[in-house]
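Summary of structural features
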Amino acid sequence: MAFVELRQVDKYYGDVLGIEDINLTVKDGEFLVLVGPSGSGKTTILRLIAGLEIPNTGEIRIGERIVNNLAPNERNISMVFQSYALYPHMTVEQNIGFPLRSARVNRNEIQQKVERTAKLFNIDRLLQRKPSQLSGGERQRVALARAVVREPDVFLLDEPLSNLDVRLRGLARAELRQFQRKLGVTTLYVTHDQEEAMSMGDRVAVVSQGKIRQIGTAQDLYQRPADTFVATFLGSPPMNLIDKDSCIIGFHPEHFLPVTAVTDEAPIIIPFRVIRVEYLGPESRVYGQVDSLTGKVDAVASLSASSGLSVEAGQTHDFAVARHRLTYFNKNTQLRMQPTPFTHDGVRVS
Ligand code: ADP
Ligand code: MG
């Protein structure tokens, strides 16, 4: 077991920015998720830790060791890619045991470890099958079992569930977290899916354009986004942002409600031109537009079914947000203003 630390790490591919000034500590046994859009630098971070890329500057530590100059096989890490490939001519047992055979572990030990790992991933009854005789989910588990059988200090997973269909992916997320807890292995998990990130990570690091924008628990990021990028990347639907004179104000769709439903002494009232209402069962999503400094902008409200609230499309309704539900961002830097630098009287809304 080990912690992982990156200090001021830069990686350029020629002139192309991979990542820049990355500072990151993954605690011993932690499950940390890196989330961000395609091309933001997530895979680069994993490849640097794995030793498949060398940083231009900065220091990478695994446990107490600085590993910058260690070859991948000296780092005791294990990595699973989206396009993991099992050996088609080998059985599940041979696939899982492969890294141990390569490391010249003795036969008895290989058998013991393969059996134990297969049990952990609930694939012990499949040991004699070939990959072609397995479902997508089972193949995935074999790939994970093969990756952990050597008991790595650090487990690196790059979008490992993207090949599964939506229903299986939900199950696989929960299972993967269970395996990781049982193993207690320090894990970095990469995804572009914010929901996956929020649901799986002990902590989540949001990456954009080669930089880490914010690291925290799902609650931290959702309730106190560091900037407008994080605010609009997380949540489904994400935070509404409105440009005002002095700043940008943000509020989550579930806090944007018909004014009669807001129990706040002096809520911020925002006229909402409702264009479309989507009924989703537990909630209704209300899509429309509100006024901002630069004209009309899109906004979304989310009304829970239990609230009994409903609105009609094609009309403008008085919606409101309780004051303590508002987040403020600096217009120039896009960073969250903290603490809120003025009273609401300073924010002209409407
Ligand atoms: P992500 O995994 O978040 O999609 P990557 O880490 O793969 O992002 O890529 C980050 C940036 O580095 C992108 O602009 C990508 O085009 C660039 N990049 C990644 N690998 C290479 C490479 N081998 N050569 C040149 N540019 C690369
Ligand atoms: Mg990638």
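Everything below is about the structure shown above.
These numbers come from a predicted model, not from an experiment.

Take the nonpolar core next. Counting residues in hydrophobic clusters, the biggest one holds 42 residues, and the most contacted among them are Ile96, Phe121, Ile123, Phe155 and Tyr189. With six residues, helix 4 (residues 136–148) is the single largest residue contributor to this core. Apart from residues lying up to four places away in sequence, Phe155 is in contact with Ser78, Val80, Leu144, Ala147, Val148, Val185, Thr186, Thr187 and Leu188. With 26 residues, the next largest nonpolar core counts Ile19, Val26, Ile60 and Val154 among its residues.

It is worth spelling out the packing of helix 2 (residues 92–102) against helix 3 (residues 107–120) at this point. One can describe the packing of helix 2 onto helix 3 by two numbers: an axis separation of 9 Å at closest approach and a directional angle of 130°. Classified by the interaxial angle, the pair formed by helix 2 and helix 3 is oblique. Where helix 2 crosses over helix 3, the handedness of that crossing is right-handed. The segment helix 2 lies against helix 3, with Glu93, Ile96, Gly97, Leu100 and Arg101 engaging Ile110, Gln111, Lys113, Val114 and Ala118. Classifying every residue of the contact of helix 2 with helix 3 by side-chain character gives five nonpolar, two polar and three charged.

Turning to the environment of Val166, a few remarks are in order. Turning to its location among the elements, Val166 is positioned in helix 5 (residues 166–183). Its relative accessible area of 65% is what places Val166 among the exposed residues. Remark: the alpha-carbon pair of Val166 and Leu24, spanning 142 residues in sequence, is separated by 30 Å.

A few words now on the packing of helix 4 against helix 5. Their axes nearest at 11 Å, the elements helix 4 and helix 5 cross at an angle of 20°. It follows that helix 4 is roughly parallel to helix 5 by the angle criterion. Handedness of the crossing formed by helix 4 with helix 5: right-handed. On helix 5, the residues that touch Gly137, Arg141, Leu144 and Val148 of helix 4 are Leu168, Glu175, Leu176, Phe179 and Leu183. Residues that form the contact of helix 4 with helix 5 fall into these classes: six nonpolar, one polar and two charged.

This brings us to the pattern of salt bridges. All chains considered together, the criterion is met by 22 salt bridges. The shortest N-O distance in the salt bridge between Arg173 and Glu196 comes to 3.1 Å. Taken together, the residues Arg173 in helix 5 and Glu196 in helix 6 (residues 194–200) connect sequence positions 23 residues apart. Lys296 serves as the salt-bridge partner of Asp291, at 2.8 Å between the closest nitrogen and oxygen. Through salt bridges with shared partners, a single network forms among Glu5, Arg7, Glu59 and Arg61.

The rules we used
- In this convention, every chain numbers its residues from 1, walking through the sequence in written order.
- Working convention: letters from A go to chains and numbers from 1 go to ligands, in the order in which they are written.
- A pLDDT threshold of at least 70 governs which residues receive local features in this predicted model, and a stricter bar of 80 or more applies before side-chain atom pairs are shown or counted, although totals over entire chains, interfaces and linings include all residues.
- By convention in this description, side-chain values take in all heavy atoms of the structure and omit both hydrogens and water.
- In this text, buried Ala, Val, Leu, Ile, Met, Phe, Trp, Tyr and Cys residues form a nonpolar core when linked through side-chain atoms within 4.5 Å.
- Relative accessibility decides the category of a residue: with a 1.4 Å probe and only protein chains considered, values under 20% of the type maximum give buried, values over 50% give exposed, and everything between is partly exposed.
- In this description a helix means any DSSP run of H or I spanning at least four residues, a strand means any run of E spanning at least two, and both kinds are numbered starting from the N terminus.
- Contact criterion: two residues are considered in contact whenever any of their non-hydrogen atoms come within 4.5 Å of each other.
- Comment: axis = line fitted to C-alpha atoms, over the contacting stretch for helices; angle = value between 0 and 180 degrees taken between N-to-C directions.
- For this classification, under 35 degrees means roughly parallel, over 145 means roughly antiparallel, 65 to 115 means roughly perpendicular, and everything else is oblique.
- When the near helix sits turned anticlockwise from the far one by under a right angle, the crossing is termed left-handed; a clockwise turn instead gives a right-handed crossing.
- We call Asp, Glu, Lys and Arg charged. Ala, Val, Leu, Ile, Met, Phe, Trp, Tyr, Cys and Pro are nonpolar, and the rest, Gly among them, are polar.
- Salt bridge, as applied in this entry: a Lys or Arg side-chain nitrogen positioned within 4 Å of an Asp or Glu carboxyl oxygen.

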